[in-house]
Amino acid sequence: MLSNMPEWVAFKDAARTSSVNVQNLRLIQVAGIDLDISGQVSSPQLTEAARALLAARDFPAMRERLLSGGIANTTEERAAWHTALRAPAAIKEVAQERQRLNAFVRLADSERRWRNIVHIGIGGSDWGVRLTVSAFGYAGTWREVHFVANIDGHAIQGGLAGLDPHDTLIVMASKSFTTAETLQNGQRALEWLQAAGVENPQSHIVAITARPETAKKWGVPEANIFKLWDWVGGRFSMWSAVNLTTALAVSEDVVAGMLAGANAMDNHFAQAPIEQNAPIQMALAGVVNRSVLDYGSLNIAPYDFRLASLVPYVQQLEMESLGKSVDLDGEPVNVPTGPAVWGMPGTDAQHTFFQWLHQGSDGAPVDFIVCQQADHGWPAHHTSLLANCLAQREALLKGKGYDAALQECLDAGMSQEQAAKVARHRVHPGGRPSNLIVLSRLSPYTLGALLAMYEHKVFVQGLIWGINPFDQWGVEYGKVLAKGITAELSGQVQPDNASRDASTAHWVQTFARSLKA
Ligand code: F6P
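Cut-offs used in this document
- Residues numbered from 1 in each chain as written.
- Predicted model: local features only at pLDDT ≥ 70, side-chain atom pairs only at ≥ 80, totals over all residues.
- Heavy atoms only, no water.
- Near = heavy atom within 4 Å.
- Polar contact = N/O pair within 3.5 Å; in protein donor to acceptor, adjacent residues only side chain to side chain.
- Areas by Shrake-Rupley, 256 points an atom, 1.4 Å probe, with all protein chains shown as cover.
- Nonpolar A, V, L, I, M, F, W, Y, C, P; charged D, E, K, R; others polar.
- Helix = DSSP H or I, 4+ residues; strand = E, 2+ residues; numbered from the N terminus.
- Axes fitted to C-alpha atoms, helices over the stretch in contact; angles between N-to-C directions.
- Parallel < 35°, antiparallel > 145°, perpendicular 65-115°, else oblique.
- Contact = heavy atoms within 4.5 Å.
- Buried < 20%, exposed > 50% of the residue type's maximum accessible area, 1.4 Å probe, protein only.
- Patch = residues over 30% accessible without salt bridge, like charges linked within 9 Å, V, L, I, M, F, W, Y side chains within 5 Å.
- Salt bridge = Lys/Arg side-chain N within 4 Å of Asp/Glu carboxyl O.
- Expected span 1.5 Å × (residues − 1).
- Left-handed = near helix turned anticlockwise from the far one by under 90°.
- Core = buried A, V, L, I, M, F, W, Y, C linked by side-chain atoms within 4.5 Å.
- Domains from an automatic or database assignment.
- Pairing = 2+ DSSP bridges.

**Details of the site of the ligand**
No. 1: Neighbouring residues of the ligand: 15 residues in total, closest G124, S174, S176, T179 and E320.
No. 2: Contact between the ligand and S174: an oxygen atom at 2.6 Å from a side-chain N or O atom of the residue.
No. 3: Backbone polar atom of K175 to an oxygen atom of the ligand: 2.8 Å apart, as the coordinates give it.
No. 4: Here the ligand loses 89% of its free accessible area of 390 Å² to cover by the protein chains.
No. 5: Looking at the shell around the ligand residue by residue, the classes come out as two nonpolar, nine polar and four charged.

**A few points about unusual backbone geometry**
No. 1: At the junction of G346 and T347, the peptide bond is cis and its omega measures out at 15° in the coordinates.
No. 2: Mapped onto the elements, T347 comes out in the loop between β9 (340-343) and α13 (354-359).
No. 3: You will see that A31, though not glycine, has its phi angle at about 50°, which is positive.
No. 4: Inspection of the secondary structure assignment puts A31 in the loop between β1 (27-30) and β2 (33-36).
No. 5: Of note, the phi angle at N334 is positive, near 70°, even though the residue is not glycine.
No. 6: As for its position among the elements, N334 is in the loop between α12 (310-322) and β9.

**Notes on the packing of helix α10 (residues 252-271) against helix α11 (residues 278-292)**
No. 1: Orientation of α10 relative to α11, taken along the N-to-C sense of each, is 70°, at an axis distance of 7 Å. By the angle between their axes, α10 is roughly perpendicular relative to α11. Residues M265, H268 and F269 of α10 form the contact with α11, whose own contacting residues are A278, P279 and I280.
No. 2: Of the residues that constitute the contact of α10 with α11, the class distribution is five nonpolar, one polar and no charged.

**Regarding the environment of H428**
No. 1: With respect to the helices and strands, H428 occurs in the loop between α16 (416-423) and β11 (434-441).
No. 2: Assessed through its relative accessible area of 19%, H428 is described here as buried.
No. 3: A C-alpha to C-alpha distance of 20 Å links H428 and Q23, two positions 405 residues apart in sequence.
No. 4: Setting aside residues up to four positions removed in sequence, H428 forms contacts with H358, Q359, G399 and K400.

**With respect to a nonpolar patch on the surface**
No. 1: Taken together, W507, F511 and L515 make up a surface patch of nonpolar side chains, about 330 Å² in accessible area.
No. 2: Within the secondary structure, L515 sits in helix α19 (residues 502-516).
No. 3: For L515, a relative accessible area of 56% translates into the label exposed.

**Describing α10**
No. 1: Its 20 residues give α10 an end-to-end C-alpha distance of 29 Å, which sits within 8% of 28 Å, the value for a rise of 1.5 Å per residue.
No. 2: For α10, the N-terminal capping position is held by S251, with its side-chain oxygen 3.2 Å away from the main-chain nitrogen of D253.

**Focus: the packing of helix α15 (residues 402-411) against α16**
A packed helix pair is summarised by two numbers, namely the angle formed by the two axes and the spacing between the axes.
No. 1: Where α15 meets α16, the axes come as close as 8 Å, and the angle between the chain directions of the two elements is 135°. Looking at the two axes, α15 sits oblique to α16. Where α15 crosses over α16, the two elements pack in a sense that is right-handed. Facing Y402, A405, L406, C409 and L410 of α15, the residues of α16 in contact are Q416, A419, A420, V422 and A423.
No. 2: Residue composition of the contact of α15 with α16, grouped by class: nine nonpolar, one polar and no charged.

**Some words on the nonpolar core**
No. 1: W8, F11, L244, I437, L447 and L450 are the most contacted members of the largest nonpolar core, which has 107 residues in total.
No. 2: In terms of residues, this core owes the most to one element, helix α17 (residues 444-465), which gives 13 residues.
No. 3: When residues are assigned to domains, this core turns out to be shared by domain 1 (2-76 + 260-376 + 433-465) and domain 2 (87-250), each giving three or more.
No. 4: Once residues lying within four places of it in the same chain are set aside, the contact partners of I437 are I33, D34, L35, M282, D367, F368, I369, V370, L450, M453 and Y454.
No. 5: Counting 19 residues, the second largest nonpolar core, distinct from the first, contains I120, L160, L193 and A207.

**Comments concerning the sheet that holds β2**
No. 1: Strand order in the open sheet formed by six strands is β1-β2-β11-β10-β8-β9, and the pairing between neighbours is mixed. A single partner strand is all that each edge strand has here, and the edge strands are β1 and β9. Taken pair by pair, the neighbouring strands of this sheet meet at an average axis angle of 20°, ignoring direction.
No. 2: As paired elements, strand β10 (residues 366-373) and β11 share seven bridges and run parallel to each other.

This is the structure in structure tokens:
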């Protein structure tokens, strides 16, 4: 149990007695990214304790297991080998699938075919692609791309609205090819093609899945099925053919650039010493903030409009991976694990919830993410964006004491009495931890490296907490219950209310009645 390990106790004690040293610039540079961890607590004792804790968790061997395709996902007895998808000397099967994908895209481009793409997938089969397409296709592309994830019928209705079915490609991305949302939305899309009289409607559907036979049975032609593998976790599948949509919407170079950037981060993670290893340092700061300083959440603040979907991407990555409190031996971890992850791009976030970050009773560590260079032609906008990012971070770090607040009020012309009253409301506690992640510019390479940095951070945190970051049993339970309730609501079986709480029983009956009417 982690809480009983002497290395954990030493780490926790060292973290408690460490502080943020604002005069000490701590930078790690890798793959076009500067990770500034100066805003996290540090001390020589903490560095030593971290080293010992990682050694006690057998870190080098576990990292090697992950990167070489060993059984890293022990509760499901499989590898979590997403790094193999981005290695330059790809496994034969992976290289072949990449070639097939590129051939598909080149043919479509040469024929100027598929003016519209409807990407149907959810979770890991959605966020990474959505992020990449908005990051590099933000100014519009000649193909119109719609993303449909939700089971809510309004999503598929809106996703198909206004499109010409004759020139629309439906991309169904699902590792399992059993996900209810994706199958139902795919079915609606197929019916839409049929209703429009499209010749051979199945040929308008492509599937990316680890279950090609299931996709074939569903009706997708074999030539339109791209494979991913069981050893790729669902939330890591964006490194696979799931990016077909990106290649069609933006270009195959974007996909190649992302893979190269992620691979550069993989190599860094594998080789850099602990103090200079970006994912490890992010993980250690995350563990201190969550398990020692007791921050319940982590805020992601991309100061780049194009990275809005980074928030849900990291949210799924961190929360689905680390939202667990039982260790690999089935024992309670006994320290707080994965934080809630939330956020919004700056500067919108400043006008939405930054007040809470600055003066709320809880506060949260923040990952500020910004690009040094912009890709638009209005330098004044970028100057303001950079200034806002630095200013918010500085305010969270530095805070504002009562005396400074009082002086500010007096300088504004208030009476002594009024100033004394108002000043208390203007005090900022400060000392709130943050990372500043600066991308030289937003390129496929830097974005790939950024995402891989978060992935490895999550792996290290899982290792320290002793939990398996690669399963998601909690999500599975909800899926099973939903299946049963769906059968009841649609009248296939009688509601089984004996074992239910009164509220669920009431609503199952009420909804069943209204659906029947
Ligand atoms: O939410 C659970 C989950 O299994 C995720 O891990 C995954 O990204 C998502 O559902 C979609 O799964 P699939 O790609 O199999 O449709």
